[in-house]
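Remarks on the overall topology
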Amino acid sequence: MRKSVVVSILLLVFGLTLGQKVPDPPSAYPPGELGELVKLGEELVMKTDTHPLTRAYVGNKLQCTSCHLDGGKTKNKFATFIGTAAAFPAYSPREKAVITLEDRILNCFMRSMNGTRPPVGSKPSVAIAAYITWLSSGLPIEQNPTKPIGRYNAPWPDPAIAKLVKSGQVDLKRGGELYAQKCAACHGKDGQGVGTFPPLWGPNSYNSGAGMANVIKGASWLKYNMPLGNANLSDQEAVDIMAFVNSQPRPAFKLTEHLPDPAKLGEYNSNVPEQIIPAPTWPPKK
Ligand code: HEC
Ligand code: HEC
């Protein structure tokens, strides 16, 4: 069969899972040391920026659970960890390589967490991988040949959102107004967070290399997750608000600044040796 036919069939199979509900997370931890490690991984996902095992690798005030709600046990599409492990090893277009679940987790430290990639095989890496794998208990392995994303997150990014952004239907001004009405009470007028509600831009948020910093991906996430507990934005609102949020200043991303000392790196499994994404400017340049 021609390669394009194979790819179309694979995309169709993933497409058919669209309407599927996210299954429940497992109800019991595994016994023994494995169970202890799974529990540790869950704690690290909940307290990533403050826990002694992970805080040195985090450069902002976020936790994995800031975006993967309920520590990834959420049944919201997008960003549940249920079913994620069953998709790996998977092809990553960003790294132009097949990557493992551990690679995927560690890369989040460089981008979403604006920090440093922990060593492969280190305790935080193995613990978080154990936790995320446990959340796929009993689910069939279905390696993803196109994206490092679990089946219950499909379709990702959201096709309706992608269409709006690609056709240029984006209104930054309206996004700012909607932000003030629907988001500022929890995230602050200045986007710096309020109490335990996390910052959306500025030095303590995700950097410009994060998935969330991409308007299509960010708006796809918003559609299913915010406002917290009442995700009700229209596609157009999600796009306008996310374009506004991502036009605000945040740390720029230079890949090589987020890799650890070479002796601690192991093998960085990527065919993209450098990537530089400048920080946005405000007001945006025309
Ligand atoms: C600022 C929001 C944010 C934070 C914080 C964050 N992530 Fe993510 N994560 C995302 C988005 C968005 C994606 C999808 C990305 C893409 O397509 O590029 C993703 C994807 C993933 C995936 C892949 C697949 C899947 O099915 O969900 C894993 C695994 C993952 N993140 C783990 C983590 C871990 C572990 C942490 C904490 C160390 C973390 N993330 C912190 C936003 C975030
Ligand atoms: C009721 C309070 C509340 C409202 C309203 C709300 N959020 Fe959130 N938001 C949260 C909390 C809390 C988290 C972190 C999730 C967690 O820790 O469980 C979060 C996480 C986020 C994140 C990912 C983490 C980060 O800091 O980047 C983004 C992006 C986000 N919200 C955007 C928005 C936008 C845009 C709106 C308006 C449409 C909005 N939120 C409305 C409470 C809220």
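Computed from a prediction, not measured in an experiment: that's the story for all the values here.

1. Regarding the environment of tyrosine 29
For tyrosine 29, the position within the fold is in the loop between helix H1 (3-15) and helix H2 (32-46). The exposure class of tyrosine 29 is partly exposed, given its relative accessible area of 35%. It is 9.5 Å that separates the C-alpha atoms of tyrosine 29 and tyrosine 131, two residues lying 102 residues apart in sequence. The residues touching tyrosine 29, leaving out its near neighbours within four places in the chain, are Val38, Lys39, Glu42, Lys73 and Trp134. Separated by 2.5 Å, the side chains of tyrosine 29 and glutamate 42 make a polar contact.

2. Digging into the coordination of the iron atom of ligand 2
Surrounding the iron atom of ligand 2 are the protein donor atoms His187 (NE2) and Met226 (SD), which sit 2.0 to 2.4 Å from the metal. With six donor atoms in place around the iron atom of ligand 2 and angles of 87 to 178° between them, the coordination shape is octahedral. Of the two residues, histidine 187 is situated in helix H7 (residues 184-187) and methionine 226 in the loop between helix H8 (215-225) and helix H9 (235-245); the sequence distance between them amounts to 39 residues. The pair formed by histidine 187 and methionine 226 is uniform in burial state, with each residue classed as buried.

3. What about the site of ligand 2?
Taken together, 21 residues are adjacent to ligand 2, and Cys183, Cys186, His187, Pro199 and Met226 come closest. The set of elements that each furnish at least two residues to the shell around ligand 2 consists of H7 and H8. The residue inventory of the shell around ligand 2, partitioned by class, reads 17 nonpolar, three polar and one charged. Counting contributing residues per domain, the shell around ligand 2 is built from domain 1 (20-153) and domain 2 (159-245), each supplying no fewer than three.

4. So, the packing of aromatic side chains
Here the structure, examined in full by the defined rule, presents seven aromatic pairs. Judged by centre distance (6.2 Å) and plane angle (35°), the rings of tyrosine 131 and tryptophan 134 are tilted. Of this pair, tyrosine 131 and tryptophan 134 are both found in helix H4 (residues 123-134), three residues apart, which corresponds to roughly one turn of the helix. Take tryptophan 134: its relative accessible area is 8%, and that puts it in the buried class.

5. Examining the domain arrangement of the chain
Considered domain by domain, the chain is made up of domain 1 (20-153) and domain 2 (159-245). Here the C-alpha centre of domain 2 lies 23 Å away from the C-alpha centre of domain 1. On the domain 2 side, the residues contacting the 16 residues of domain 1 number 15 residues. Carbon and sulfur atoms make up 53% of the surface buried where domain 1 meets domain 2, a total of about 1200 Å² over both sides. Run the count over domain 1 and domain 2 and you get ten residue pairs in polar contact (both at pLDDT 80 or more).

6. Here we look at the environment of proline 278
Within the secondary structure, proline 278 sits in the segment after strand E4 (276-277). Note on proline 278: relative accessible area 61%, which makes it exposed. The spacing of proline 278 and glutamate 102 is 176 residues in sequence and 27 Å in space, taken between C-alpha atoms. Filtering out sequence-adjacent residues up to four positions away, proline 278 remains in contact with Ser208 and Ala252.

7. Description of H2
Along its 15 residues, H2 runs 22 Å from first to last C-alpha, staying within 8% of the 21 Å computed at 1.5 Å per residue. Turning to H2, its buried residues are Gly35, Val38, Leu40, Gly41, Glu42, Leu44 and Val45. Buried residues along H2 sit in contact with H4.

8. Details of the site of ligand 1
Around ligand 1, a shell composed of 24 residues is seen, among which Cys64, Cys67, His68, Thr84 and Trp156 lie nearest. Contacts to ligand 1 include serine 112, whose side-chain N or O atom sits 3.5 Å from a nitrogen atom. Among the elements that make up the shell around ligand 1, the one with the highest residue count is helix H3 (residues 101-110) (four residues). Here the residues of the shell around ligand 1 are counted per class, giving 14 nonpolar, seven polar and three charged. A domain split of the shell around ligand 1 shows at least three residues from each of domain 1 (20-153) and domain 2 (159-245).

9. What to know about H3
Where burial is concerned, most of H3 is hidden: seven out of the ten residues are buried. Of all the positions in H3, only Leu101, Asp103, Ile105, Leu106, Asn107, Phe109 and Met110 are classed as buried.

10. Observations concerning the coordination of the iron atom of ligand 1
What the protein offers the iron atom of ligand 1 as a donor is a single atom, His68 (NE2), at 2.1 Å. Following the sequence through the fold, histidine 68 ends up in the loop between H2 and strand E1 (90-92).

11. Some words on the environment of cysteine 67
If you trace the backbone, cysteine 67 turns up in the loop between H2 and E1. Along the primary structure cysteine 67 and proline 155 are separated by 88 residues, whereas in three dimensions their C-alpha atoms are 17 Å apart. Here cysteine 67 is in contact with Ala79, Met212 and Trp221, once residues within four sequence places are set aside.

How each quantity is defined
- Residues numbered from 1 in each chain as written.
- Chains lettered and ligands numbered in written order.
- Predicted model: local features only at pLDDT ≥ 70, side-chain atom pairs only at ≥ 80, totals over all residues.
- Heavy atoms only, no water.
- Helix = DSSP H or I, 4+ residues; strand = E, 2+ residues; numbered from the N terminus.
- Buried < 20%, exposed > 50% of the residue type's maximum accessible area, 1.4 Å probe, protein only.
- Contact = heavy atoms within 4.5 Å.
- Polar contact = N/O pair within 3.5 Å; in protein donor to acceptor, adjacent residues only side chain to side chain.
- Donors = N, O, S within 2.8 Å, 3.2 Å for Na, K, Ca; no water.
- Tetrahedral: all angles 85-135°; square planar, octahedral: opposite > 155°, others 65-115°.
- Near = heavy atom within 4 Å.
- Nonpolar A, V, L, I, M, F, W, Y, C, P; charged D, E, K, R; others polar.
- Domains from an automatic or database assignment.
- Phe/Tyr/Trp six-rings, centres within 6.5 Å; stacked < 30°, edge-to-face > 60°.
- Buried area = accessible area lost by both parts, 1.4 Å probe.
- Expected span 1.5 Å × (residues − 1).

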